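Each chain, letter by letter, is given below.
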Amino acid sequence: MTKEQTAKVPRKAYEKELLRLQTELVKLQEWVRAEGARLVVVFEGRDAAGKGGTIKRVAEHLNPRVARIAALPKPTERERTQWYFQRYVEHLPAAGEIVLFDRSWYNRAGVEHVMGFCSKEEYQLFLRQCPIFERMLTEDGILLRKYWFSVSDTEQQERFRRRLEDPLRHWKLSPMDLESISRWEAYSRAKDEMMVHTDITEAPWYVVESDDKRRARLNMIAHLLDSVPYHDVPPPVLELPDRPPSTGYQRPPRDLQTYVPDHAARL
């Protein structure tokens, strides 16, 4: 990375640009809804690479009925017997919807392969089928965007340390995350192999340098917006109506209802 890419983006500049980009994301959402488009955004990368924080900023001001996050748990016993891509197909968008995959079918090319949760035959089958699967999605008109968040080993270790010490973020750290430290090179080889097989013209990978989380968020969102040919959709003309005159309604006495205690009064 260049010196400019590693420099921290100032908070004030970050917040101003993030708000501008989030405003454009709302416009993108309205275009998706009006045009009946289907947008899938895949977020992948190492543990603590900044995927979750970026997804949070992308979805922050969007309508959850239009844009939803798909963060699938480990497969059930029944799902383990299905075609591997089957449970992901269920979460793909219908017309006018956006789906943000917080990890995706690429689990098989990463953690499942490195940790031995799938067989070598299942792994090789995934590498053969994945490009076919993604070509099917794009041929059917789905807009598919894939982002790999790249973090250095030293920055990842520091983020793990902060999570370990922060009671609000301790839940983000699992034994599997810590295991990734000792398997850094294995994950690197798995990522390289995955890229060789799945970085296809119809659905290329886009790498996001994420040692600076603010820079990563801005870069990823700006790229997503630039990659989709959306345009402004005029909102419906709305007018706030006058409140009608009272017809004699009276609110029931307050002591007939149970209210939440005023905790804030004790501050």
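Details of the structure are given in the entry above.
What counts and how
Note on numbering: residues in each chain are counted from 1, in written sequence order. Whole-chain, interface and lining totals are the exception, using all residues; otherwise, since this is a predicted model, local features are given only for residues with pLDDT of at least 70 and side-chain atom pairs are given and counted only at 80 or more. Values shown for side chains rest on all heavy atoms present in the structure; no hydrogens or waters enter the calculation. The numbering of helices and of strands both runs from the N terminus, where a helix is a DSSP run of H or I of at least 4 residues and a strand a run of E of at least 2. Throughout, a residue-residue contact means that at least one pair of heavy atoms, one from each residue, lies within 4.5 Å. To pair, rings of Phe, Tyr and Trp, with the six-membered ring standing in for Trp, must have centres within 6.5 Å; the planes then decide the type, stacked if under 30 degrees apart, edge-to-face if over 60, and tilted in the middle. In this scheme, a residue with accessible area under 20% of its type's maximum is buried, one over 50% is exposed, and one in between is partly exposed, where area comes from a 1.4 Å probe on protein chains only. We call a charge positioned above a ring when the Lys NZ or Arg CZ atom is no farther than 6 Å from the ring centre and deviates by at most 35 degrees from the ring normal.

A.B. asks: Break down the environment of Arg169 for me, citing the residues and quoting the values.
C.D. replies: As for its placement among the helices and strands, Arg169 is situated in the loop between α8 (153-165) and α9 (175-182). In this structure, the C-alpha to C-alpha distance between Arg169 and Val207, residues 38 residues apart in sequence, is 26 Å. In this view, Arg169 contacts Arg162, Arg163 and Lys213; residues no more than four positions away in its chain are not counted.

A.B. asks: Provide a residue-level description of the packing of aromatic side chains, including the pertinent values.
C.D. replies: For the coordinates displayed, the defined rule picks out 17 aromatic pairs. Plain terms: the ring middles of Trp83 and Phe133 are 6.1 Å apart, the flat faces sit at 80° to each other, and that makes the pair edge-to-face. A residue pair is termed long-range when its members are at least 10 positions apart, and Trp83 in the loop between α4 (77-80) and α5 (86-89) and Phe133 in helix α7 (residues 120-139) qualify at 50 residues. Since its relative accessible area comes to 42%, Trp83 is described here as partly exposed. On the basis of relative accessible area, Phe133 is assigned to the buried category, the value being 5%. Here Tyr84 and Phe126 contribute two aromatic rings whose centre-to-centre distance is 5.8 Å and whose plane-to-plane angle is 90°, an arrangement assigned as edge-to-face. Taken together, the residues span a long stretch of sequence, with Tyr84 in the loop between α4 and α5 and Phe126 in helix α7 at a distance of 42 residues. The structure contains a cluster of three or more aromatic residues connected by ring pairs, namely Trp83, Tyr84, Phe85, Tyr88, Phe101, Trp105, Tyr106, Phe126, Phe133, Trp148 and Trp205. One residue, Arg46, lies across the ring of Trp184, its end atom 3.5 Å from the ring centre. One cation-aromatic arrangement involves Arg87 over Tyr88; the distance from NZ or CZ to the ring centre is 5.3 Å.

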